[in-house]
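# Residue-level structural notes
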Amino acid sequence: MNTRAWEHYHSGWASAAPARIRPFGHIPRTLCVARHKVCKHGHMSNRFQLRDALAEFPPYVPGKPPVASPGLTPYKLSSNENHLPPLPGVLDAVTAAAAIPANYPDPTAAALVADIADRLDVDPAEVVPGAGASEILSALTNITLESGTSVVYPWPSFEMYPILASARGAEKRPVDLMPDGRHDFAGLAAAIDDTTRMVLLCSPNNPTGPTITDAELQGFLAEVPDNVIVVLDEAYLEFATEAADSLAARKKHANLVLARTFSKAHGLAGLRVGYGIADVEIASAMRQVIAPFSVTAGAQAAARESLARVDEVAVRAKEVAAVRDRFAHDLRELGLSVPDAQGNYVWIALDPEAAVAFEGECAKQAVAVRRLQGGVRVSIGPDEALDRVLKVAASL
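Residues numbered from 1 in each chain as written. Predicted model: local features only at pLDDT ≥ 70, side-chain atom pairs only at ≥ 80, totals over all residues. Heavy atoms only, no water.

What follows concerns the confidence of the model for the protein chain. Of the residues in the protein chain, 88% reach a pLDDT of 70 or more, and the chain-wide mean stands at 89. Note on residues 1-44: pLDDT is under 50 here. Beyond four places in sequence and across chains, it has 107 contacts. (pLDDT = per-residue confidence, 0-100. Contact = heavy atoms within 4.5 Å.)

A word on the sheet that holds strand S7 (residues 196-202). The strand order across the open sheet built from seven strands is S4-S10-S9-S8-S7-S5-S6, with neighbouring strands paired in mixed fashion. Each edge of the sheet is formed by a strand with only one pairing partner; in this case those strands are strand S4 (127-130) and strand S6 (171-176). Between one strand axis and the next, the sheet turns by 20 degrees as a mean value, whatever way the strands run. Sitting on the sheet, helix H3 (residues 132-144) touches S4, S7, strand S8 (229-233), strand S9 (256-261) and strand S10 (274-277), and the angle it makes with S9 is about 150 degrees. (Pairing = 2+ DSSP bridges. Helix = DSSP H or I, 4+ residues; strand = E, 2+ residues; numbered from the N terminus. Axes fitted to C-alpha atoms, helices over the stretch in contact; angles between N-to-C directions.)

On to the side chain of Glu126, then. Locating Glu126 in the fold gives a position in the loop between helix H2 (110-120) and S4. Judged by relative accessible area, which is 15%, Glu126 ranks as buried. Residue contacts for Glu126: discarding those within four places in its chain leaves Arg250, Gly276, Ile277, Ala278, Val280, Ala283 and Arg287. (Buried < 20%, exposed > 50% of the residue type's maximum accessible area, 1.4 Å probe, protein only.)

Moving on to a nonpolar patch on the surface. Nonpolar side chains collect at one region of the surface, where Phe48, Leu50 and Leu54 lie side by side and expose about 250 Å² of accessible area between them. Here Leu54 lies in the loop between strand S2 (29-31) and strand S3 (75-76). (Patch = residues over 30% accessible without salt bridge, like charges linked within 9 Å, V, L, I, M, F, W, Y side chains within 5 Å. Areas by Shrake-Rupley, 256 points an atom, 1.4 Å probe, with all protein chains shown as cover. Salt bridge = Lys/Arg side-chain N within 4 Å of Asp/Glu carboxyl O.)

Counting buried positions along strand S14 (residues 375-379) gives five out of five residues, so the element sits mostly inside the fold. Of the two faces of S14, both are covered, the one formed by Gly375, Arg377 and Ser379 as well as the one formed by Val376 and Val378. Pairing of strand S11 (residues 345-349) with S14, which is carried by five bridges, proceeds in the antiparallel orientation. Across the sheet, the residue bridging to Val346 is Val378, located in S14. Bridge count for strand S13 (residues 370-372) against S14 is three bridges, and the pairing is antiparallel. Looking across to S14, one finds that Leu372 is bridged to Gly375. Where S13 folds back onto S14 in an antiparallel hairpin, the turn is made up of two residues, including Gly374, whose phi is positive at roughly 100 degrees.

Attention now moves to unusual backbone geometry. The residue after Trp155, namely Pro156, is reached through a cis peptide bond having omega 0 degrees. With respect to the helices and strands, the residue Pro156 is situated in the loop between strand S5 (150-155) and helix H4 (160-167). With an omega dihedral of -5 degrees, the bond running from Ser203 to Pro204 counts as a cis peptide bond. Here Pro204 is to be found in the loop between S7 and helix H6 (214-223).

On to the sheet that holds S14. An order of S11-S14-S13 is seen for the three strands of this open sheet, with the pairing classed as antiparallel. The open sheet has two edge strands with one neighbour each: S11 and S13. Sheet twist, expressed as the mean angle between neighbouring strand axes with direction ignored, is 25 degrees.

Between helix H1 (residues 90-97) and helix H9 (residues 297-308), the shortest axis-to-axis distance is 8 Å and the interhelical angle comes to 150 degrees. Classed by the angle they form, the pair H1 and H9 counts as roughly antiparallel. Relative to H9, the crossing made by H1 is right-handed. On H9, the residues touching Val90, Ala93, Val94 and Ala97 of H1 are Ala297, Gly298, Ala301, Ala302, Glu305 and Ser306. (Parallel < 35°, antiparallel > 145°, perpendicular 65-115°, else oblique. Left-handed = near helix turned anticlockwise from the far one by under 90°.)

With that settled, the discussion passes to helix H12 (residues 383-395). Between its first and last C-alpha atoms H12 spans 18 Å; for 13 residues at 1.5 Å apiece the expected length is 18 Å, and the two agree. Along H12, the positions that sit buried rather than exposed are Ala385, Leu386, Arg388, Val389, Leu390, Val392 and Ala393. Lining the buried residues of H12 we find S3, helix H10 (310-333), helix H11 (352-364), strand S12 (367-368) and S14. (Expected span 1.5 Å × (residues − 1).)

Inspection of the entire model under this criterion finds eight aromatic pairs. A ring pair is formed by Tyr60 and Phe158, whose centres lie 6.3 Å apart and whose planes are at 65 degrees; its orientation type is edge-to-face. You can see Tyr60 sitting in the loop between S2 and S3 and its partner Phe158 sitting in the loop between S5 and H4, a full 98 residues away along the chain. On the basis of relative accessibility, which here comes to 37%, the residue Tyr60 falls in the partly exposed class. (Phe/Tyr/Trp six-rings, centres within 6.5 Å; stacked < 30°, edge-to-face > 60°.)

This is the structure we're talking about:
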């Protein structure tokens, strides 16, 4: 047969999400691969011996860049990046750490781990560094999930959850969010059975925005078997004005793991550095599967410098949160449905046709937003960019 790689089109969450969720989002081109069989998209390849599972989910689709429009400065509000400039000293720390690029970084990130442990009052053995929170999530699925197991998570939520589950061959058990964009904890608890190895939670939830309260977290953990790992993804925690005291909860529940990052509030997304806080036994297993040297010397140095300025990070996060709150208020005044927003983004609930129109009109204004199943997510950016989005909202 023809040995060329067969091309097919996948949409954002469509093939990773449960069947009841309709395809949405822009359509990136990727390769549809299956070994010695016809995949579900009707294509076949005998060229390489690749895993059949690759035909069951798309790669992660990042936020689209803005489209150029004459006379308008383009703005990317599709990836929840921090639009503020780096903190003083961060770039100098990166430069100094990268002075000898031929040398490997410290594979244990010992100095950074010590700083995080001191800041959070935890044992350094409980801190696991990684290339962003995504690597922490990947490591957790890698040490728990396999064929015959299941993972429970809210939906819609972070797009990587179903992708990671499929990559490990586990059964995906998404649980629909409540109408207000919050986790359905009764539904999550009901989805757990003897095959469940992990539950993923997200606070603030990406993309809808609400956080998990102390009562919700403590009540849920009391219902989860002690041998099932519960992961709390807190990538946007610093922007939240109210959220559960997850560190206190972790001291009571050894099966609770926290995933955090320097990408968002600290503004270091391009350097890829995050960390997990876990029971020593879980943390040790995570280190077994994380690639050596995944956190570069520059990333470690930048994270340490930013952590030393954590009070300044908190002030900047509050500034972003204040803009977010005003923006959400203005959208609601225009009659749009916007859930409680606690991250550095706002979720606008829209039907598919309206979401397509909204994204398209924003593109004409040289602003890229993130269209997902159920609506559009808009990252907080410069005032000019948000004003253009409000202009689009008013026109529609």
